[in-house]
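Each chain is listed here by its residues.
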Amino acid sequence: MSWIDLLRMSVSNLKRRKLRTFLTVLGVIIGTASIVVMISLGLGLQESLYREVEQSGGLTSVKVTGASAGDSNFYSSSSGGEEESKKYINDQAIRELAQVGHVTLASPVYEMWINMLKGRYEGSGQLVAMTPEALAARNIPLAEGTLPTPNSGNLELVYGNGVSTMFYERGTGSGYYETGELPDIDFAKDSVFLILDQEGYYNSMGNTPMMGADGSGGQPSAPKTVQKHVVKASGIVEGGPDEYTANYYNIYCDLNTLKQVLKKEFSGRVIPGQPSTKSGKPYKEFCYSYAQVNVDDIDNVETVAAAIREMGYNVETNVEYLNSMQSQFNIIQAVLGGIGAVSLFVAAIGIANTMMMSIYERTKEIGVIKVLGCSLKNIKQMFLLEAAFIGLIGGAAGNILSFLMSGAINLVTGHGAAMGFDGDISYIPMWLVLLSMGFAMLVGIVAGYFPALRAMKLSPLAAIRNE
């Protein structure tokens, strides 16, 4: 019996029992959709991680931290997993890092928390000051404008696409997350007041002062009124308020320009985020939050990281971060895939049951084709083809359903923004589609194997006499 004949008979047998075939295929559809959607959630998290790593410098980027310089930020720049370095990240350290083999760029980064005022609105954010080379290497996607002009003397800002959500209306305290409405500010064109001296600002407002730069709980020499710098945007990061990226909350500026402004405003006082002497006076050298080091090749990242650690600094690499997160995602994917596989296992039981019932109903038919000379191999192939067809049809329809479910999940979660992810939370690559269809066929064949063996073992004479 040719393969064409086997295919024709298999399809004909499935059509004769439409309701049973439909219910069996429905089980495979649900099982396939379940396992694909579950795995897609893990893949979505993984893709979000890859985008975050790429936006923060890629796998050849190394973050170097030193001794804590002071409180310029609500967040610590040092790695919690390593003993804190006793060396500051200053200009001398940057020159030393630039001399390490395979390093293509070593640039300082300074972070500080600032306040912004515009009309009846007030906001706060993290100001990230970088050199022109470091800003260019970060590949910040801009919706409009350009990067800040270096050494211009006037602060120019690049707003992250989520900065607008950090503003609230003074008096009511209502912001984007309470009202769902963005402030009436055109960040691309409007100027805002920038406050670098947060401690002085809160003191002037009569609020509890923040910790001073020297950690003493406030500097006696802080002015009663703070300086408000009029600043405008040079560029806006690409994306809307519901599209989370690695640049979402950041406000970028030119490092040298910020240093000039800080030294002028805090003349004779400790600049926020800077160390002080034992007597509480400003430290003679300007210290940075961390250094961003770019390596020429991913294969040299570990070598460079080891060399920098030997110099007495702490090191964080995106490779280490990616590897640690990858192991966690593998566990998540295994758990999610296992949950979906349970549904497909139930569908396999349904296929086996359908094929066994088909044998009982077609006992006489099996006996006739055996008497007519059909080989046992052909009989087995016919039943396996029927089971494979059920798996193939269920797998194809299950993938269509999984795409619909994935789209609905991404729509409900605002393409990951509602859960703080950069991009879709559910991601279905083509290899997963092909693999799931092949797996569904394999499940069908395995489920139909033992019923096919039973059909082969039927006695032709006993089958013909069967009523």
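Our structure is the block above this text.
Residues numbered from 1 in each chain as written. Predicted model: local features only at pLDDT ≥ 70, side-chain atom pairs only at ≥ 80, totals over all residues. Heavy atoms only, no water.

**Looking at the overall build of the protein chain**
Counting secondary structure elements, the protein chain contains 13 helices and 11 strands. Across the 467 residues that make up the protein chain, the buried fraction comes to 47%. Considering only intrachain contacts with a sequence separation of at least 6, the fraction spanning at least 24 residues in the protein chain is 80%. Split by element, the accessible area of the protein chain, about 22,600 Å² in all, is 59% carbon and sulfur. (Helix = DSSP H or I, 4+ residues; strand = E, 2+ residues; numbered from the N terminus. Buried < 20%, exposed > 50% of the residue type's maximum accessible area, 1.4 Å probe, protein only. Contact = heavy atoms within 4.5 Å. Areas by Shrake-Rupley, 256 points an atom, 1.4 Å probe, with all protein chains shown as cover.)

**So, the side chain of D254**
Assignment of secondary structure puts D254 in strand β9 (residues 250–254). It turns out D254 is buried and unbridged, and the closest side chain with the opposite charge, K259, is 9.6 Å from it. (Lys, Arg positive; Asp, Glu negative; His and termini not counted. Salt bridge = Lys/Arg side-chain N within 4 Å of Asp/Glu carboxyl O.)

**A word on the pattern of salt bridges**
Going through the model one piece at a time under the given rule, you end up with two salt bridges. Between R120 and E169 there is a salt bridge whose closest N-O contact spans 2.9 Å. Taken together, the positions of R120 in the loop between β2 (103–118) and β3 (121–130) and E169 in strand β6 (residues 167–169) put the pair 49 residues apart, joining distant regions of the chain. Taking relative accessible area as the criterion, R120 reaches 46% and is therefore assigned partly exposed. In this structure, R269 and D197 form a salt bridge, with 3.5 Å as the shortest nitrogen-oxygen distance.

**With respect to the environment of T146**
Note that T146 resides in the loop between β4 (142–145) and β5 (156–159). Here T146 is in contact with V158, S234 and G235, once residues within four sequence places are set aside.

**Describing unusual backbone geometry**
Although it is not a glycine, H102 sits at a positive phi angle of roughly 75°. Note that H102 resides in the loop between α3 (91–98) and β2. Given a relative accessible area of 39%, H102 falls into the partly exposed group. Residues other than glycine seldom take positive phi values, yet N151 does so here, at roughly 55°. Inspection of the secondary structure assignment puts N151 in the loop between β4 and β5.

**Observations regarding the pairing of β9**
The buried count for β9 comes to five of five residues, which makes it a mostly enclosed element. Burial along β9 is two-sided: the face carrying N250, Y252 and D254 and the face carrying I251 and C253 are both buried. Bridge count for β3 against β9 is five bridges, and the pairing is parallel. Counterpart to M130 in the pairing with β9 is D254. Pairing of β5 with β9 involves two bridges; the strand directions are antiparallel. The residue bridging V158 from the neighbouring strand is Y252, located in β9. (Pairing = 2+ DSSP bridges.)

**Details of the environment of I236**
Relative to the assigned elements, I236 resides in strand β8 (residues 229–237). Exposure remark for I236: the relative accessible area of 15% places this residue in the buried category. Sequence separation of I236 and N161 is 75 residues, and the distance between their C-alpha atoms is 6.8 Å. The residues contacting I236, other than those within four sequence positions of it, are P141, L142, A143, E144, Y159, F187 and A188.

**Some points on the packing of aromatic side chains**
Considering all chains together, one arrives at eight aromatic pairs under this definition. Arranged with centres 5.2 Å apart and planes meeting at 70°, the rings of Y159 and F187 form a pair that is edge-to-face. Placement of Y159 in strand β5 and of F187 in the loop between α5 (176–179) and β7 (192–195) is noted, with a sequence separation of 28 residues between them. Ring geometry for Y248 versus Y249: centroids 4.7 Å apart, planes at 85°, classification edge-to-face. Feature note: the residues Y110, F286 and Y288 constitute an aromatic cluster, connected by ring pairs. A cation over a ring is seen here: K63 above Y290, with NZ or CZ 4.5 Å from the ring centre. (Phe/Tyr/Trp six-rings, centres within 6.5 Å; stacked < 30°, edge-to-face > 60°. Lys NZ or Arg CZ within 6 Å of the ring centre and 35° of its normal.)

**Brief notes about the pairing of β5**
Pairing analysis gives four bridges linking β5 to β8, with the strands arranged parallel. Each residue of the ladder has a partner; that of V158, found in β8, is G235.

**Here's the deal with the nonpolar core**
Ranked by internal contacts, the top residues of the largest apolar core, which has 49 residues, are V64, Y110, L127, Y159, L196, L258 and L262. Of the residues forming this core, the biggest block, six residues, is contributed by β2. If we skip the residues at most four places from it in the chain, L196 touches M112, I114, L127, H229, L258, V261, L262, E265, F266 and P272. Of all hydrophobic cores here, the second largest spans 16 residues; its members include V28, A347, M382 and V443. (Core = buried A, V, L, I, M, F, W, Y, C linked by side-chain atoms within 4.5 Å.)

**A look at a nonpolar patch on the surface**
A surface patch of nonpolar side chains, amounting to about 500 Å² of accessible area, comprises L19, F22, L23, L26 and I30. Looking at where I30 falls in the secondary structure, it is placed in helix α2 (residues 18–55). (Patch = residues over 30% accessible without salt bridge, like charges linked within 9 Å, V, L, I, M, F, W, Y side chains within 5 Å.)

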